[in-house]
Amino acid sequence: MGRGPADGGLTVTGFSDHGRNGDESPPTALFAAGDISRRIESLAGDIARAMGPEFVLLCVLNGAFIFTADLARALAARGCRPRIEFASFKSYGSATESSGRVRLVGEFPGNLARQRVLLVDDILDTGRTLLTARMMVEDAGAETVATCVLLDKPARREAPVEADYVGFAIDDVFVVGYGIDYAEKFRYLPDLAHISG
Ligand code: XMP
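Numbers given to residues run from 1 along each chain, matching the order in which its sequence is written. Given that this is a predicted model, residues contribute local features only at a pLDDT of at least 70 and side-chain atom pairs are listed and counted only at 80 or more, while totals for whole chains, interfaces and linings are drawn from all residues. Side-chain measures were taken over the full set of non-hydrogen atoms in the model, leaving aside hydrogen atoms and water.

Close contacts around the ligand come from 14 residues, with Asp-122, Thr-126, Thr-129, Val-175 and Asp-181 the closest. Within the contact set of the ligand, an oxygen atom lies 3.5 Å away from a backbone nitrogen or oxygen of Arg-128. Whenever a nitrogen or oxygen atom comes within 3.5 Å of another N or O atom, the pair is scored as a polar contact, on the condition that within protein one atom can donate a hydrogen and the other can accept it, and that pairs from neighbouring residues in sequence are kept only if both atoms are in side chains. Within the side chain of Lys-153, a nitrogen or oxygen atom sits 2.8 Å from an oxygen atom of the ligand. Under the convention used here, a 1.4 Å probe and the Shrake-Rupley method define accessible areas, while residue burial counts only the protein chains that appear. Burial of the ligand by the protein chains amounts to 85% of its free accessible area of 510 Å². For the shell around the ligand, the secondary structure elements donating two or more residues are β5 (116-124), α4 (128-139) and β8 (174-176). The greatest single-element share of the shell around the ligand, amounting to three residues, is contributed by β5. Residues are sorted three ways: Asp, Glu, Lys and Arg are charged, Ala, Val, Leu, Ile, Met, Phe, Trp, Tyr, Cys and Pro are nonpolar, and all the rest, Gly among them, are polar. Per-class residue counts for the shell around the ligand are five nonpolar, three polar and six charged. Near residues are defined by distance, with any heavy atom within 4 Å of the molecule or strand qualifying the residue. The secondary structure listing takes helices from DSSP runs of H or I that are at least 4 residues long and strands from runs of E that are at least 2 residues long, numbered from the N terminus.

Let us now look at the nonpolar core. We define a nonpolar core as any set of buried Ala, Val, Leu, Ile, Met, Phe, Trp, Tyr and Cys residues linked to one another through side-chain atoms lying within 4.5 Å. Remark: exposure states derive from per-residue accessible area (1.4 Å probe, protein chains only) relative to the maximum for the residue type, with buried under 20%, exposed over 50%, and partly exposed in between. Leu-151 and Leu-192 are the most contacted members of the largest nonpolar core, which totals 32 residues. Among the elements of the structure, β1 (28-31), α2 (33-51), α3 (65-76), β5, β6 (144-152) and β7 (165-169) are those that each provide at least two residues to this core. With seven residues, the top contributor of residues to this core is α2. The residues touching Leu-151, leaving out its near neighbours within four places in the chain, are Phe-31, Asp-122, Ile-123, Leu-124, Phe-168, Ile-170, Val-175, Ile-180 and Leu-192. Contacts between residues were defined by any pair of non-hydrogen atoms, one from each residue, lying within 4.5 Å.

The residue Asp-125 is located in the loop between β5 and α4 in this model. One polar contact links Asp-125 to Lys-153, side chain to side chain, over a distance of 3.3 Å. A polar contact of 2.8 Å, which involves the side chain of Asp-125, links it to the side chain of Arg-156. Not counting the four nearest positions on each side in its chain, Asp-125 is found in contact with Lys-153, Arg-156 and Arg-157.

With that settled, consider the sheet that holds strand β9 (residues 192-195). The strand order β1-β9-β8 describes an open sheet built from three strands, whose pairing is antiparallel. Two strands lie at the open edges of the sheet, namely β1 and β8, each paired on one side alone. Averaged over all pairs of adjacent strands, the angle between strand axes in this sheet comes to 45°, irrespective of strand direction. In the sheet, β8 pairs with β9 via three bridges, with the strands oriented antiparallel. Each residue of the ladder has a partner; that of Phe-174, found in β9, is Ile-195. Paired strands, as defined in this entry, are two strands with at least two bridges between them according to DSSP. Note on geometry: axes are lines fitted to C-alpha atoms, helical ones only across the stretch in contact, with angles between N-to-C directions running from 0 to 180 degrees.

Now for the pattern of salt bridges. When a carboxyl oxygen of Asp or Glu lies within 4 Å of a side-chain nitrogen of Lys or Arg, that pair is called a salt bridge. Enumeration over the complete set of coordinates arrives at 15 salt bridges. In this structure, Arg-73 and Asp-70 form a salt bridge, with 2.7 Å as the shortest nitrogen-oxygen distance. Here the residue Arg-73 and the residue Asp-70 both occupy positions in helix α3, the gap between them amounting to three residues, near one helical turn. A residue is classified by how much of its surface remains accessible, and Asp-70, at 27% relative accessible area, is partly exposed. Put simply, Asp-125 and Arg-156 hold a salt bridge, and the shortest N to O gap is 2.8 Å. On the criterion of sequence distance, the pair formed by Asp-125 in the loop between β5 and α4 and Arg-156 in the loop between β6 and β7 is long-range, its members being 31 residues apart. Like Asp-125, the residue Arg-156 is buried in the burial classification. Counted as one network, the salt bridges with shared partners bring together Asp-125, Lys-153, Arg-156 and Asp-172.

Right, let's talk about unusual backbone geometry for a bit. For the bond running from Leu-61 to Asn-62, omega is 5°, close enough to zero to count as cis. Tracing the chain through its elements places Asn-62 in the loop between β2 (56-61) and α3. With phi around 60°, Asn-111 is a residue other than glycine that occupies positive phi space. Take Asn-111: it is sitting in the loop between β4 (98-105) and β5.

If you want it as structure tokens, here you go:
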């Protein structure tokens, strides 16, 4: 679990009242940008060793866009040259609760047959999104599929899926920042934070 202001004195960098409705608490710090960066360097080392230089890095939009950008550059520094693709999924539900139905939005990348694919998502929650995405990559004829998530909430799991690479395991809290939103807000925060409704 990350540090909060009470035990680490961590503040949420870049947060201001701008963009708030006034009907929710301000985000509370979870992982600072420096913590995220160090963890990504370590993950990139593990992934580069396992995947080698040539593979497809498939980013699950929208929440993983910053994570993917930083991970791709850390991988490049280790000699990797991934083809970067994108796929967008939506789960119906409220702003903080998925309804359980996951659907692809827009196109799914082509040319995955016989490729080694690394699926990258922001948060592994119930697992439905990652499971759906992984099955689609397998159905597209990929040679291997590995999965990487920035955050894992194991307590929330409902679908039979685990990630091969995990940035941080966290409790069941609603996370924002570092590309991850609440109702399209807070994606710009450089730190990961949590909100309490
Ligand atoms: P599932 O339940 O399919 O969910 O594993 C994965 C997707 O749900 C979103 N999600 C969150 N989004 N803060 C968010 O802004 C959260 O704490 C959170 N938990 C899950 C996210 O899009 C993730 O890819």
